[in-house]
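Remarks on the overall topology
Next come the chains, spelled out residue by residue.
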Amino acid sequence: MRVAELVELLERRYPPDWAEDWDRVGFVLGDPDATVTRVLLAVDCDPAVVDEAEAAGAEFVFTHHPLLLRGVSSVAPTTYKGRIVHRMIRSGIALYTAHTNGDVANPGVSDSLAAALGLRDVRPLRPDPRAPERGHGRVGRLPEPMTLAAFAAHAAASLPKTAAAVRAAGDPAATVETVAVSGGAGDAFLADAVRAGVDAYLTADLRHHPAQEHLANGGPALVDVAHWASERPWLDDVAAFLRAEAGVQTVVSDVDTSPWVLLRGSVEGNDS
(Lines give C-alpha, C1' and ligand atoms only; values in the text may rest on other atoms or scores of the structure.)
Protein backbone atom coordinates (compact mmCIF):
# COMPACT_ATOMS: atom_id res chain seq x y z
CA MET A 1 0.00 0.00 0.00
CA ARG A 2 1.20 3.52 -0.78
CA VAL A 3 1.49 6.15 1.94
CA ALA A 4 -1.32 8.17 0.34
CA GLU A 5 -3.65 5.14 0.37
CA LEU A 6 -2.89 4.45 4.02
CA VAL A 7 -3.59 8.09 4.89
CA GLU A 8 -6.93 7.88 3.06
CA LEU A 9 -7.84 4.71 4.98
CA LEU A 10 -6.97 6.29 8.33
CA GLU A 11 -8.90 9.44 7.54
CA ARG A 12 -12.03 7.46 6.76
CA ARG A 13 -11.80 5.90 10.23
CA TYR A 14 -10.63 9.04 12.04
CA PRO A 15 -11.85 12.01 9.97
CA PRO A 16 -9.69 15.09 10.62
CA ASP A 17 -12.79 17.30 10.95
CA TRP A 18 -13.68 15.40 14.14
CA ALA A 19 -10.61 16.95 15.79
CA GLU A 20 -10.83 19.98 18.07
CA ASP A 21 -10.19 23.35 16.41
CA TRP A 22 -6.89 23.77 18.27
CA ASP A 23 -5.61 20.34 17.29
CA ARG A 24 -3.21 19.44 14.47
CA VAL A 25 -3.86 16.00 13.02
CA GLY A 26 -3.34 14.09 9.80
CA PHE A 27 -0.44 13.54 7.40
CA VAL A 28 2.69 15.25 8.75
CA LEU A 29 5.59 14.17 6.53
CA GLY A 30 6.68 11.55 4.02
CA ASP A 31 6.43 10.72 0.32
CA PRO A 32 2.77 10.02 -0.60
CA ASP A 33 3.91 7.60 -3.33
CA ALA A 34 6.24 5.56 -1.12
CA THR A 35 5.32 1.96 -0.39
CA VAL A 36 4.34 0.90 3.13
CA THR A 37 4.74 -2.68 4.33
CA ARG A 38 5.21 -2.07 8.06
CA VAL A 39 3.69 0.52 10.41
CA LEU A 40 4.96 1.40 13.88
CA LEU A 41 2.33 2.79 16.27
CA ALA A 42 3.23 4.92 19.29
CA VAL A 43 1.68 7.44 21.64
CA ASP A 44 4.38 10.05 20.89
CA CYS A 45 6.93 10.68 18.18
CA ASP A 46 10.20 11.12 20.04
CA PRO A 47 13.80 10.04 19.31
CA ALA A 48 13.37 6.65 21.02
CA VAL A 49 10.31 5.90 18.88
CA VAL A 50 12.19 6.88 15.71
CA ASP A 51 15.00 4.55 16.81
CA GLU A 52 12.44 1.77 17.14
CA ALA A 53 10.89 2.52 13.74
CA GLU A 54 14.29 2.42 12.03
CA ALA A 55 15.24 -0.83 13.77
CA ALA A 56 11.91 -2.43 12.83
CA GLY A 57 12.12 -1.34 9.20
CA ALA A 58 8.86 0.60 9.45
CA GLU A 59 8.16 3.01 6.60
CA PHE A 60 5.23 4.68 8.39
CA VAL A 61 4.76 5.88 11.99
CA PHE A 62 1.28 6.42 13.42
CA THR A 63 1.12 8.46 16.63
CA HIS A 64 -1.61 9.73 18.89
CA HIS A 65 0.10 12.95 20.00
CA PRO A 66 1.03 15.50 17.32
CA LEU A 67 4.73 16.22 16.88
CA LEU A 68 3.93 19.72 15.59
CA LEU A 69 0.95 20.73 17.71
CA ARG A 70 2.06 24.34 18.17
CA GLY A 71 3.26 26.56 15.37
CA VAL A 72 6.96 26.53 14.57
CA SER A 73 9.00 28.89 12.42
CA SER A 74 11.79 26.40 11.77
CA VAL A 75 12.45 22.67 11.58
CA ALA A 76 16.20 23.18 11.48
CA PRO A 77 18.15 20.11 12.63
CA THR A 78 19.52 22.21 15.50
CA THR A 79 16.08 22.05 17.18
CA TYR A 80 14.55 19.07 19.01
CA LYS A 81 11.61 18.65 16.63
CA GLY A 82 13.69 19.55 13.60
CA ARG A 83 16.12 16.72 14.35
CA ILE A 84 13.20 14.26 14.45
CA VAL A 85 11.78 15.57 11.16
CA HIS A 86 15.17 15.38 9.40
CA ARG A 87 15.85 11.86 10.70
CA MET A 88 12.50 10.59 9.48
CA ILE A 89 12.89 12.16 6.06
CA ARG A 90 16.41 10.73 5.69
CA SER A 91 15.12 7.28 6.74
CA GLY A 92 12.14 7.44 4.39
CA ILE A 93 9.63 7.19 7.24
CA ALA A 94 6.23 8.89 6.94
CA LEU A 95 4.41 10.31 9.97
CA TYR A 96 0.67 10.47 10.60
CA THR A 97 -1.25 11.64 13.69
CA ALA A 98 -4.79 11.02 14.97
CA HIS A 99 -5.32 12.90 18.24
CA THR A 100 -8.68 14.31 19.38
CA ASN A 101 -10.32 12.77 16.31
CA GLY A 102 -9.11 9.43 17.72
CA ASP A 103 -10.42 10.40 21.16
CA VAL A 104 -14.00 10.91 19.97
CA ALA A 105 -14.11 8.04 17.46
CA ASN A 106 -16.19 4.95 18.13
CA PRO A 107 -14.20 2.84 18.71
CA GLY A 108 -11.62 5.28 20.00
CA VAL A 109 -9.07 5.90 22.73
CA SER A 110 -11.49 5.71 25.66
CA ASP A 111 -13.16 2.56 24.32
CA SER A 112 -9.80 0.81 24.53
CA LEU A 113 -9.23 2.17 28.02
CA ALA A 114 -12.68 0.98 29.12
CA ALA A 115 -12.04 -2.46 27.62
CA ALA A 116 -8.70 -2.74 29.43
CA LEU A 117 -10.55 -2.16 32.70
CA GLY A 118 -13.26 -4.68 31.79
CA LEU A 119 -16.12 -2.16 31.67
CA ARG A 120 -19.45 -3.26 30.22
CA ASP A 121 -22.40 -1.44 28.60
CA VAL A 122 -20.11 1.36 27.49
CA ARG A 123 -21.45 4.71 26.21
CA PRO A 124 -19.89 8.16 25.59
CA LEU A 125 -19.30 10.36 28.61
CA ARG A 126 -19.78 13.55 26.60
CA PRO A 127 -21.65 12.56 23.43
CA ASP A 128 -21.14 14.54 20.25
CA PRO A 129 -24.46 16.37 19.61
CA ARG A 130 -24.11 15.62 15.89
CA ALA A 131 -23.46 11.91 16.44
CA PRO A 132 -24.35 10.73 19.97
CA GLU A 133 -22.78 7.31 19.40
CA ARG A 134 -19.34 8.92 19.60
CA GLY A 135 -17.76 11.62 21.75
CA HIS A 136 -15.29 12.21 24.55
CA GLY A 137 -14.75 9.67 27.32
CA ARG A 138 -16.79 6.59 28.13
CA VAL A 139 -19.08 5.42 30.93
CA GLY A 140 -19.44 1.75 31.82
CA ARG A 141 -20.06 -0.78 34.53
CA LEU A 142 -17.66 -3.13 36.28
CA PRO A 143 -18.57 -6.83 36.19
CA GLU A 144 -18.69 -6.82 39.99
CA PRO A 145 -18.69 -3.97 42.52
CA MET A 146 -15.42 -3.36 44.35
CA THR A 147 -14.04 -0.83 46.79
CA LEU A 148 -12.25 2.25 45.53
CA ALA A 149 -9.00 0.83 46.93
CA ALA A 150 -9.56 -2.40 45.00
CA PHE A 151 -10.49 -0.51 41.83
CA ALA A 152 -7.28 1.52 41.99
CA ALA A 153 -5.32 -1.72 42.36
CA HIS A 154 -7.30 -3.20 39.45
CA ALA A 155 -6.41 -0.18 37.29
CA ALA A 156 -2.74 -0.50 38.18
CA ALA A 157 -2.77 -4.20 37.24
CA SER A 158 -4.80 -3.71 34.03
CA LEU A 159 -2.95 -0.82 32.42
CA PRO A 160 0.61 -0.68 31.06
CA LYS A 161 3.22 -0.22 33.73
CA THR A 162 4.94 3.13 34.17
CA ALA A 163 7.07 4.79 36.84
CA ALA A 164 4.08 6.91 37.84
CA ALA A 165 1.77 5.60 40.54
CA VAL A 166 -1.99 5.15 40.25
CA ARG A 167 -3.53 7.67 42.65
CA ALA A 168 -7.05 7.60 44.08
CA ALA A 169 -9.05 10.34 45.80
CA GLY A 170 -12.12 9.59 47.89
CA ASP A 171 -13.12 7.06 50.52
CA PRO A 172 -10.98 3.94 49.94
CA ALA A 173 -13.83 1.77 51.28
CA ALA A 174 -16.51 3.31 49.03
CA THR A 175 -18.20 0.96 46.57
CA VAL A 176 -17.39 1.41 42.88
CA GLU A 177 -19.54 -0.13 40.18
CA THR A 178 -20.17 2.53 37.54
CA VAL A 179 -17.06 4.19 36.13
CA ALA A 180 -16.31 7.03 33.73
CA VAL A 181 -13.00 7.04 31.89
CA SER A 182 -11.18 9.43 29.60
CA GLY A 183 -7.83 8.67 28.00
CA GLY A 184 -5.25 11.43 28.43
CA ALA A 185 -5.68 14.64 30.40
CA GLY A 186 -9.31 14.54 31.50
CA ASP A 187 -10.08 17.20 34.08
CA ALA A 188 -12.13 19.04 31.43
CA PHE A 189 -14.72 16.27 31.87
CA LEU A 190 -15.08 16.34 35.66
CA ALA A 191 -18.52 17.96 35.40
CA ASP A 192 -19.57 15.31 32.87
CA ALA A 193 -18.61 12.58 35.34
CA VAL A 194 -20.77 14.28 37.98
CA ARG A 195 -23.74 14.46 35.58
CA ALA A 196 -23.27 10.81 34.64
CA GLY A 197 -23.74 9.83 38.30
CA VAL A 198 -20.81 7.42 38.30
CA ASP A 199 -19.07 6.08 41.38
CA ALA A 200 -15.56 6.86 40.08
CA TYR A 201 -13.86 8.74 37.28
CA LEU A 202 -10.52 7.47 35.92
CA THR A 203 -8.32 9.69 33.78
CA ALA A 204 -4.81 11.21 33.67
CA ASP A 205 -3.09 14.45 34.63
CA LEU A 206 -5.62 15.57 37.23
CA ARG A 207 -4.62 18.89 38.77
CA HIS A 208 -4.64 19.73 42.47
CA HIS A 209 -7.29 22.46 42.65
CA PRO A 210 -9.85 21.08 40.15
CA ALA A 211 -9.67 17.67 41.88
CA GLN A 212 -9.93 19.25 45.33
CA GLU A 213 -12.99 21.32 44.39
CA HIS A 214 -14.61 18.39 42.59
CA LEU A 215 -14.44 16.23 45.72
CA ALA A 216 -15.51 19.09 48.03
CA ASN A 217 -18.65 19.49 45.92
CA GLY A 218 -19.56 15.82 46.32
CA GLY A 219 -18.24 14.56 42.99
CA PRO A 220 -17.41 10.89 42.37
CA ALA A 221 -14.13 9.36 43.48
CA LEU A 222 -11.13 10.03 41.27
CA VAL A 223 -8.45 7.68 39.96
CA ASP A 224 -5.46 9.33 38.30
CA VAL A 225 -3.23 7.21 36.05
CA ALA A 226 -0.23 7.96 33.83
CA HIS A 227 -1.10 9.78 30.62
CA TRP A 228 0.84 7.33 28.42
CA ALA A 229 -0.70 4.29 30.13
CA SER A 230 -4.24 5.58 29.56
CA GLU A 231 -3.71 5.90 25.80
CA ARG A 232 -1.36 3.01 24.98
CA PRO A 233 -4.20 0.36 24.85
CA TRP A 234 -5.75 2.12 21.83
CA LEU A 235 -2.70 1.43 19.69
CA ASP A 236 -3.46 -2.30 19.70
CA ASP A 237 -6.91 -1.62 18.26
CA VAL A 238 -5.54 0.69 15.54
CA ALA A 239 -2.90 -1.92 14.71
CA ALA A 240 -5.54 -4.64 14.33
CA PHE A 241 -7.53 -2.35 12.02
CA LEU A 242 -4.49 -1.68 9.82
CA ARG A 243 -3.60 -5.36 9.56
CA ALA A 244 -7.15 -6.26 8.56
CA GLU A 245 -7.88 -3.36 6.20
CA ALA A 246 -4.47 -2.44 4.79
CA GLY A 247 -2.69 -5.80 4.94
CA VAL A 248 0.40 -4.21 6.48
CA GLN A 249 2.59 -5.53 9.27
CA THR A 250 2.36 -3.60 12.52
CA VAL A 251 4.65 -2.99 15.48
CA VAL A 252 3.13 -1.40 18.59
CA SER A 253 5.67 0.55 20.59
CA ASP A 254 5.91 -0.11 24.30
CA VAL A 255 8.45 2.67 24.75
CA ASP A 256 7.08 4.63 27.71
CA THR A 257 7.35 8.22 26.53
CA SER A 258 6.29 9.63 29.91
CA PRO A 259 8.82 12.16 31.17
CA TRP A 260 8.68 10.65 34.68
CA VAL A 261 11.16 7.82 35.26
CA LEU A 262 11.54 7.69 39.05
CA LEU A 263 9.02 7.29 41.86
CA ARG A 264 9.86 7.59 45.52
CA GLY A 265 7.44 7.17 48.40
CA SER A 266 3.83 5.94 48.58
CA VAL A 267 0.67 6.45 50.60
CA GLU A 268 2.06 3.95 53.11
CA GLY A 269 5.27 5.95 53.38
CA ASN A 270 7.48 3.23 51.86
CA ASP A 271 9.90 3.67 49.01
CA SER A 272 8.76 2.01 45.81
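Above this text is the structure in question.
Residues numbered from 1 in each chain as written. Predicted model: local features only at pLDDT ≥ 70, side-chain atom pairs only at ≥ 80, totals over all residues. Heavy atoms only, no water.

1. Quick look at the sheet that holds strand 6 (residues 131-147)
This is how the line gets drawn: One bridge is not enough; two strands pair if DSSP finds at least two bridges between them. Here a helix means four or more residues in a row that DSSP labels H or I, a strand means two or more in a row labelled E, and each is numbered from the N terminus. Fitting a line to C-alpha atoms yields each axis, with helices limited to the stretch in contact; the angle taken between N-to-C directions then spans 0 to 180 degrees. Contact definition: two residues touch when any of their heavy atoms are within 4.5 Å.
The 6 strands lie next to each other as 5-6-8-9-10-7, forming an open sheet whose pairing is mixed. Every other strand in the sheet has two partners, leaving strand 5 (120-128) and strand 7 (167-169) as the edge strands with one partner each. With strand direction ignored, the average angle separating the axes of adjacent strands in the sheet is 30°. The pairing of strand 5 with strand 6 spans 6 bridges and is classified as antiparallel. Considered in strand 6, the bridge of Arg-123 is made with Val-139. Along the sheet, helix 6 (residues 148-158) makes contact with strand 6, strand 7, strand 8 (175-185), strand 9 (200-204) and strand 10 (221-225), crossing strand 6 at roughly 115°. Most of the contacts of helix 9 (residues 227-246) go to strand 8, to which it runs at about 90°, and overall it touches strand 8, strand 9 and strand 10.

2. Comments concerning the sheet that holds strand 2 (residues 38-42)
Here 5 strands make up an open sheet; going across it, the order is 1-4-3-2-11 and the pairing mixed. The two strands at the open ends of the sheet, each matched to only one other strand, are strand 1 (26-29) and strand 11 (249-252). Strand-to-strand twist of the sheet, defined as the mean angle between neighbouring strand axes without regard to direction, takes the value 25°. As paired elements, strand 1 and strand 4 (residues 94-97) share 3 bridges and run antiparallel to each other. Counterpart to Gly-26 in the pairing with strand 4 is Thr-97. Where helix 1 (residues 3-13) meets the sheet, its contacts fall on strand 1, strand 2, strand 3 (60-63) and strand 4, and the angle it forms with strand 3 comes to roughly 20°. Each of strand 2, strand 3 and strand 11 touches helix 9; the most contacted strand, strand 11, lies at about 175° to it.

3. Describing the side chain of Ser-112
Rules: Remark: exposure states derive from per-residue accessible area (1.4 Å probe, protein chains only) relative to the maximum for the residue type, with buried under 20%, exposed over 50%, and partly exposed in between.
Tracing the backbone through its elements, the reader meets Ser-112 in helix 5 (residues 109-116). For Ser-112, a relative accessible area of 3% translates into the label buried. For Ser-112, the residues in contact, after removing those within four places along its chain, are Pro-233, Trp-234 and Asp-237.

4. Topic: the packing of helix 1 against helix 9
Between two packed helices, both the angle of their axes relative to each other and the distance between the axes serve to describe the pair. Using the following cut-off: Throughout this description, any angle smaller than 35 degrees is read as roughly parallel, any larger than 145 degrees as roughly antiparallel, any in the 65 to 115 degree range as roughly perpendicular, and the remainder as oblique. Should the near helix be turned anticlockwise from the far one by less than a right angle, the crossing is left-handed, and should it be turned clockwise, the crossing is right-handed. Three classes are used: nonpolar for Ala, Val, Leu, Ile, Met, Phe, Trp, Tyr, Cys and Pro, charged for Asp, Glu, Lys and Arg, and polar for all others, with Gly counted as polar.
Two numbers describe how helix 1 lies on helix 9: the axes approach to 11 Å, and their chain directions differ by 125°. As far as their axial angle goes, helix 9 and helix 1 are oblique. Our pair here, helix 1 against helix 9, has a crossing hand that is right-handed. Within the contact between the two elements, helix 1 uses Leu-6, Leu-9, Leu-10 and Arg-13 and helix 9 uses Phe-241, Leu-242, Glu-245 and Ala-246. Here the residues of the contact of helix 1 with helix 9 are counted per class, giving 6 nonpolar, no polar and 2 charged.

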